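Reading the structure
Here is what each chain is made of, one letter per residue.
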Amino acid sequence: MFAKPIPVLMMALMAGLVFAPSASAQLADVAVVVNPSNPVSSLSLIELRKIFAGEKRSWQGGAPVHPFVRPPGCHERLVLLRLLGMSESEYKQHWTTLVFRGEVGSEPSSVPSIGMQKEALSVFSGAITLVDANDVKPGMKVIKIDGHLPGEPGYPVH
Amino acid sequence: MLRVRWATIAILILSRQLSAQTPSSNDAQTIEVLVQQVKALQQETIELRQRVKALETEKASTPSPQAVSTPEPPAPEPASTSSIAASPQDSFPLHELRGIQWRGFGEVDYKVLNQRKPELGTDGFVAGSAGNFFTGDFDLFLSSQLTDRSSVLAEIVFQEGDAQSYKVDLRRVLLKYDFNDHLKLSFGRYQTGIGYYNWAFRSAAWLQTTNDRPLIMEYATDGGLLPTQAIGVSATGSIPSGTLGLNYLAEYGSSDTIRPDIDGSGLLNDENNGNHVLLGAFARPDWARGLQFGSSIYHDKISNLHGGLNERYGQTIVNAYAAYVAHGLELLNEGFLIRHAELHGSDLFNMPAFYTQASKRVRQFRPFVRYQYVNANPRSVFEDVLLRHGPSFGSRYDLNDFIAFTAQLDHTVRKGQPDLNGLQLQFAFTF
């Protein structure tokens, strides 16, 4: 007598799973922001990766790049690690190695708050950092990545 | 039928409720992010409070404005990178003290060989003993950013010698100036770009996967065959090359080298090297992240003291390598051809060498295998080396981000001598 209801129940279960709302909203895009005086308005994803991997250290024109990062655990940090394809531990070892080789003077400075990110951007003309797209403030110049701004379809930093 | 409909509706409602109540991994991630943000805000509040307190103290200790003429408010001082970076939650790879960043590297080793006839003992290892402990290199690395484009880098190494004596070696001291990504200059004592290993691993055991350097890349002062260090000028930078990621390297300097024989004879070979020129190029393609391949050519003139001071040779060292380090995988392959050509005679020695190393990170473990080969001519300055080849096996275990333990077994086939088997255990650390 239960032969018929079982497939219906199965379908109902599957339908429930499919139509159930996702448990949390997708994490927001992360904006790439620079000092407002920086003439750069777009970068490719590869260039962005090179900057935060310490392989590209000057802007077009020769001004030094000053990358700033958020501390471990922040959303921006997770996005950064995803961008570089590294774990937290690998990230630390990567920068220690670069500094030790003499390829870079120091690892990117870590800033604990958005306010301090904004401060860093205003102080260093070559500064670049990642900010949750919802937290972008006046005084931060958002640049395009692979031709897209945060929120646009195809934006790759999230 | 009605029952079935009701059951379906009930299941749909239940499944929605359950999915809403069960925290997914995304929720956990979001909560973690929020917690971190709260922590960051708390930290910022603490810092602001401290700043206010400091300002109040300063104000209290300053004479009243009526008593002195009001000074111009100081121009806002650009916040230093370090002041922005001062977050106690974050452990930085480098420590900073008055603008000088520093980091230390050290090691404690135990080594035992199956042959008692001594070979060269370096880093405190007593060759010929049944096995002993030693501390290898204790390395202090210092760097300081002078301006936006210039910096100083120094590496001071305390190396264990015989009977727990230590010698100090200023292994690197460099004044660096980066014009841009295409031109970066360094002046001072540097490690030559003669091979990938010399460039990539420098002298900290903690950065290496294996316990020791391959023989061909060993420091000349520790019996290595190549001029691994020099004093002079070095230029490097990227070459516009699209996705190929091409870079160049040029060096001109003095690499005067004295190398001890590695066969335990106790002899020293002063090569009396003239100034050297090194030209190299390497690529880091965008389309294969982690891949680096390149080549270099090195040239100088050396003496072969066995033939008298006047016996001078042109030394040309050609190197080619391919290295892949990504996704926990490390593949290093490097080959050399050392060519010694007598300047006023007909002697010509072509000596090949290579090593290949593979390792894969599996959680905290990194098992590795390495095979190395050197074939030196008995009439050359490397008469102590001759033919040596063999594998090494082992594994590194990272206890945490600062301490690693490595166990390594070596088997070396030596021409005219019994094979050499060795076991080396090492704790390498950074602080």
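We now examine the overall build of chain A. Each helix and strand in chain A was counted, giving five helices and six strands. Starting at the N terminus, the α and β elements of chain A follow one another as α-β-β-α-β-α-α-β-α-β-β. The buried share among the 158 residues of chain A stands at 42%. In chain A, of all internal contacts separated by at least 6 residues, the share reaching a separation of at least 24 is 65%.

The secondary structure content of chain B amounts to four helices and 20 strands. Relative to its full complement of 431 residues, chain B shows a buried share of 32%. Of the contacts formed within chain B by residues at least 6 apart in sequence, a portion of 52% connects residues at least 24 apart.

A word on the pairing of strand E9 (residues 246–254) of chain B. Residues and elements named next belong to chain B. Where strand E8 (residues 229–238) lies against E9, eight bridges are found, and the strand directions are antiparallel. Following the sheet pairing, Thr-236 is matched in E9 by Leu-249. Relative to strand E12 (residues 275–283), E9 runs antiparallel, the two being bridged by nine bridges. Across the sheet, the residue bridging to Gly-253 is His-276, located in E12.

This part covers the nonpolar core. The biggest cluster of nonpolar side chains holds 31 residues, and the ones touching the most others in it are Ile-216, Leu-225 and Val-374 of chain B. Broken down by secondary-structure element, the contributors of at least two residues to this core are helix H4 (196–201), strand E13 (291–303), strand E14 (312–326), strand E15 (329–342) and strand E16 (348–360) of chain B. Grouped together as the second largest cluster of nonpolar side chains are 29 residues, Val-32, Leu-43, Trp-59 and Leu-130 of chain A included.

Time to look at the sheet that holds strand E3 (residues 66–69) of chain A. Strands pair in a sheet through their backbones, by hydrogen bonds, and they do so in one of two ways: parallel or antiparallel. Residues and elements named next belong to chain A. Here six strands make up an open sheet; going across it, the order is E2-E6-E1-E5-E3-E4 and the pairing mixed. Two strands close off the open sheet at either side, each with one partner strand: strand E2 (42–43) and strand E4 (109–110). Where strand E1 (residues 30–34) and strand E5 (residues 127–132) come together, five bridges link them in antiparallel fashion. By the bridge assignment for E5, Val-33 is matched with Thr-129. Relative to E5, helix H5 (residues 114–123) is tilted by about 155°, and along the sheet it contacts E1, E3 and E5.

The next subject is the packing of helix H2 (residues 45–52) of chain A against helix H3 (residues 75–84) of chain A. All names here are of chain A. Relative to each other, H2 and H3 sit at 110°, their axes nearing to 10 Å. As the angle between them shows, H2 and H3 are arranged roughly perpendicular. Here H2 contributes Leu-48, Arg-49 and Phe-52 to the contact with H3, which in turn contributes Leu-80, Leu-83 and Leu-84. When the residues that make up the contact of H2 with H3 are grouped by side-chain class, the tally is five nonpolar, no polar and one charged.

Residue and element names in this part refer to chain B. For chain B, per-residue confidence averages 82 on the pLDDT scale, and 77% of positions sit at 70 or higher. The low-confidence segment residues 11–25, where pLDDT is below 50, has 21 contacts with residues more than four positions distant or belonging to other chains. Contacts of residues 62–92 to residues separated by more than four positions or lying in other chains number 25 contacts, the stretch itself having pLDDT below 50. Across the interfaces of the predicted complex, the ipTM metric reaches 0.75, alongside a pTM of 0.76.

Next up on the list: the environment of Gln-229 of chain B. Residue and element names in this part refer to chain B. Position of Gln-229 relative to the elements: it lies in strand E8. When the C-alpha positions of Gln-229 and Asn-198 are compared, they lie 9.1 Å apart, and in sequence the two are 31 residues distant. Apart from the residues within four sequence positions on either side, Gln-229 is in contact with Arg-189, Gln-191, Thr-192 and Ser-255.

Another aspect to go through is the pairing of E5 of chain A. Residue and element names in this part refer to chain A. Burial analysis of E5 places six of its six residues in the buried class, the great majority of the element. Of the two faces of E5, both are covered, the one formed by Ala-127, Thr-129 and Val-131 as well as the one formed by Ile-128, Leu-130 and Asp-132. Where E3 meets E5, three bridges bridge the pair, whose relative direction is parallel. Paired with Phe-68 across the two strands is Thr-129, which belongs to E5.

This part takes up the environment of Pro-108 of chain A. Residue and element names in this part refer to chain A. Along the polypeptide, Pro-108 turns up in the loop between helix H4 (88–101) and E4. Spatially, the C-alpha atom of Pro-108 lies 18 Å from that of Gly-62, the residues being 46 residues apart in sequence. If near-sequence neighbours (up to four positions away) are discounted, Pro-108 is found in contact with Pro-67, Phe-68 and Val-69.

Quick reminder: α-helices carry 3.6 residues per turn. Residues three or four places apart thus point the same way. Residues of H3 of chain A that are buried include every one of His-75, Glu-76, Arg-77, Leu-80 and Leu-83 of chain A, and no others. Just past H3 of chain A, the residue Gly-85 of chain A takes up positive phi, approximately 70°.

Cut-offs and rules
- Residues numbered from 1 in each chain as written.
- Chains lettered and ligands numbered in written order.
- Predicted model: local features only at pLDDT ≥ 70, side-chain atom pairs only at ≥ 80, totals over all residues.
- Helix = DSSP H or I, 4+ residues; strand = E, 2+ residues; numbered from the N terminus.
- Buried ≥ 20, exposed ≤ 12 C-beta atoms within 10 Å, placed from the backbone.
- Contact = placed C-beta atoms within 7 Å.
- Pairing = 2+ DSSP bridges.
- Core = buried A, V, L, I, M, F, W, Y, C linked by C-beta atoms within 7 Å.
- Axes fitted to C-alpha atoms, helices over the stretch in contact; angles between N-to-C directions.
- Parallel < 35°, antiparallel > 145°, perpendicular 65-115°, else oblique.
- Nonpolar A, V, L, I, M, F, W, Y, C, P; charged D, E, K, R; others polar.
- pLDDT = per-residue confidence, 0-100.

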